[in-house]
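Next come the chains, spelled out residue by residue.
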Amino acid sequence: VQLQAFGGGWVQAGGSLRLSCAGSGRTFSSYNIAWFRQAPGKEREFVAAFRRSGGYTYYADSVKGRFTISRDNAKNTMYLQMNSLKPEDTAVYYCEADRGTILGDTRRRHAYGHWGQGTQVTVSS
């Protein structure tokens, strides 16, 4: 699957953004999906994930209660609704996907074999 993320931008602290990620192909529903982010000078880190089976979602502690991951398999699209944004949320956000990611690797970097170009999110204080 090929992925392309969009929807980033500049927002003031406390504001909201919704990121989207469009996937190619007709089997999008068979993929575990996730969002990661990378701030300047830092490693890429897990943000949120949506398992393909059961609809289970997982979040990093730093975004829990503020961010919501969702998917629309009919549209081959995944979303990340980000509310109450903070300056520390500033990063390039990447959508990732993989059919074979095991549950124990849901939050692990390099556990997803497909990812798209990122989209920049900048939150000003």
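Below, the structure is looked at part by part. Keep in mind the model is a prediction, meaning the values are calculated, not measured.

Structural notes on the environment of Gly-14
Turning to its location among the elements, Gly-14 is positioned in the loop between β2 (9–12) and β3 (17–23). With 50 residues separating them in the primary sequence, Gly-14 and Lys-64 have C-alpha atoms 15 Å apart. Aside from chain neighbours lying at most four places away, what touches Gly-14 is Ser-84 and Leu-85.

Let's talk about the state of the cysteines
Considering all chains together, one arrives at 1 disulfide under this definition. Residue Cys-21 pairs covalently with Cys-95 via a disulfide, S to S 2.0 Å. For the disulfide bridge between Cys-21 and Cys-95, the dihedral angle about the S-S bond is near 60°, and by the sign convention the bridge is right-handed. With Cys-21 in strand β3 and Cys-95 in strand β9 (residues 91–98), this residue pair connects regions lying 74 residues apart in the sequence. For the residue pair Cys-21 and Cys-95, the accessibility class agrees, reading buried in each case.

Procedures and definitions
Residues numbered from 1 in each chain as written. Predicted model: local features only at pLDDT ≥ 70, side-chain atom pairs only at ≥ 80, totals over all residues. Heavy atoms only, no water. Helix = DSSP H or I, 4+ residues; strand = E, 2+ residues; numbered from the N terminus. Contact = heavy atoms within 4.5 Å. Disulfide = S-S within 2.5 Å. Buried < 20%, exposed > 50% of the residue type's maximum accessible area, 1.4 Å probe, protein only.

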